[in-house]
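Close look at the chain arrangement
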Protein chains: 2
Amino acid sequence: MKLTSKGRYAVMALVDLAKFNSINPVSLRDISLRQGISLDYLEQIFSKLRKKEIVQSVRGIQGGYVLNKKAKEIKLTNIFDAVDEKVKTVQCKKESKKGCNGRSSKCLTHDLWDELENHINNFFEKKSLEDLIKDNFERRI
Amino acid sequence: MKLTSKGRYAVMALVDLAKFNSINPVSLRDISLRQGISLDYLEQIFSKLRKKEIVQSVRGIQGGYVLNKKAKEIKLTNIFDAVDEKVKTVQCKKESKKGCNGRSSKCLTHDLWDELENHINNFFEKKSLEDLIKDNFERRI
DNA sequence: TATAAACCTGACTAATTTAGTCAAGTATAT
DNA sequence: ATATACTTGACTAAATTAGTCAGGTTTATA
């Protein structure tokens, strides 16, 4: 089980954005330089974040991105959802429902994966961008 | 983030094994048939489980595998560890330690991934094979 | 109004990982 | 003896990931 770097980058970039979020939008070029993430890759990521209304774009010179909600209202779960980073534990859900009704011997562990998914998603739902910035700030004191 | 099928199969196979664990060892052939997992693949998996002393092998006719500990003492974390299924969240640990000392701007989210790993591993450490069998049994009542 | 900064999009690709298969054994109960 | 079942290592096809690349469009400002 691993987290993909698309998800990690999305979170890193948003923390960076939130930190530098003032009146002016933050350009991807700046985030790219500060975080060491390829500009082209960031563009892919922010395209998805924009579609999910997590950020807003400002075009033209001096343009960039701004948060579209308060940092407190942006949860990890929203970010991961936007970039298609999701917890996949069990196959049988999509496949033949006949094979897996929760009682078949094929799914001895079905409930376990459900429980695991819930456990992880619970973590993502509680954690907001604001929490991350706060943690980051407190560590520096 | 996804769980690989090697990890899933390992857990499924061990639940199966634990259920049919009597005086006689359980052959991989039987598990293969009951759980629909390729025999060759199961062999790879059980080779690893044996090396970590989770199961014991019995060779020859009427051979197979038996649990090497009580189901209560086998935690998910042991199983996943044996088959190299692990939670990987952040890269910077292995790489240049210079780049990531917890204060560099590259690791704005370092603590987050640590926290996530702990959260998930905590789940794995609590859950034993016995829990899984019990859940499975109770659901059938 | 020319221009450069910065967003926007889709197609492409190399590297890695996964999920097995295959082949050639060895050990042992009957 | 021999069939059953464990044991090991090498190999491979498919999928996924982590980007790159090329070609746009928009707009502030000089």
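Structure's up top.
Presented here is an overview of the structure given in this document. Since we're looking at a predicted model, the values are computed, not measured.

This part covers the pairing of strand β1 (residues 55-58) of chain B. Residues and elements named next belong to chain B. Sheet analysis places β1 next to strand β2 (residues 64-67), joined by four bridges and oriented antiparallel. Across the sheet, the residue bridging to Val-58 is Gly-64, located in β2. Count of turn residues in the β1/β2 antiparallel hairpin: five residues, of which Gly-60 carries a positive phi of about 80°.

Attention now moves to the pattern of salt bridges. Residue and element names in this part refer to chain A. Scanning the model with the defined rule gives six salt bridges over all chains in all. A salt bridge links Arg-34 to Asp-16; the nearest nitrogen and oxygen atoms lie 2.8 Å apart. In this pair, Arg-34 is assigned in helix α2 (residues 28-35) and Asp-16 in helix α1 (residues 5-20), connecting sequence segments 18 residues apart. Under the relative-accessibility criterion, Arg-34 is labelled partly exposed at 26%. The partner of Asp-81 in a salt bridge is Lys-52, with the nearest N and O atoms 3.6 Å apart.

On to the protein's contact with DNA strand C, then. In the region of DNA strand C, 27 residues are neighbours, and Ser-57 and Tyr-65 of chain A together with Ser-38, Gln-44 and Arg-59 of chain B sit closest. Take the atoms of DNA strand C that sit within 4 Å of the protein: sugar and phosphate atoms are 68% of them. A distance of 2.7 Å is found between a phosphate oxygen of DNA strand C and a side-chain nitrogen or oxygen belonging to Tyr-65 of chain A. Elements with a contribution of two residues or more to the surface near DNA strand C: α3 (39-51), β1 (55-58) and β2 (64-67) of chain A together with α1 (5-20) and α3 (39-51) of chain B.

Here we take up the environment of Phe-124 of chain A. The residue Phe-124 of chain A is located in helix α5 (residues 110-126) in this model. A relative accessible area of 4% means that Phe-124 of chain A is categorised as buried. Separated by 47 residues in sequence, Phe-124 of chain A and Thr-77 of chain A place their C-alpha atoms 4.8 Å apart. Ignoring any residue separated from it by four or fewer positions in sequence, one finds Phe-124 of chain A in contact with Lys-75, Leu-76, Thr-77, Phe-80 and Val-87 of chain A together with Met-1 and Leu-116 of chain B.

Here is what the cut-offs are and how they apply
Residues numbered from 1 in each chain as written. Chains lettered and ligands numbered in written order. Predicted model: local features only at pLDDT ≥ 70, side-chain atom pairs only at ≥ 80, totals over all residues. Heavy atoms only, no water. Pairing = 2+ DSSP bridges. Helix = DSSP H or I, 4+ residues; strand = E, 2+ residues; numbered from the N terminus. Salt bridge = Lys/Arg side-chain N within 4 Å of Asp/Glu carboxyl O. Buried < 20%, exposed > 50% of the residue type's maximum accessible area, 1.4 Å probe, protein only. Near = heavy atom within 4 Å. Polar contact = N/O pair within 3.5 Å; in protein donor to acceptor, adjacent residues only side chain to side chain. Contact = heavy atoms within 4.5 Å.

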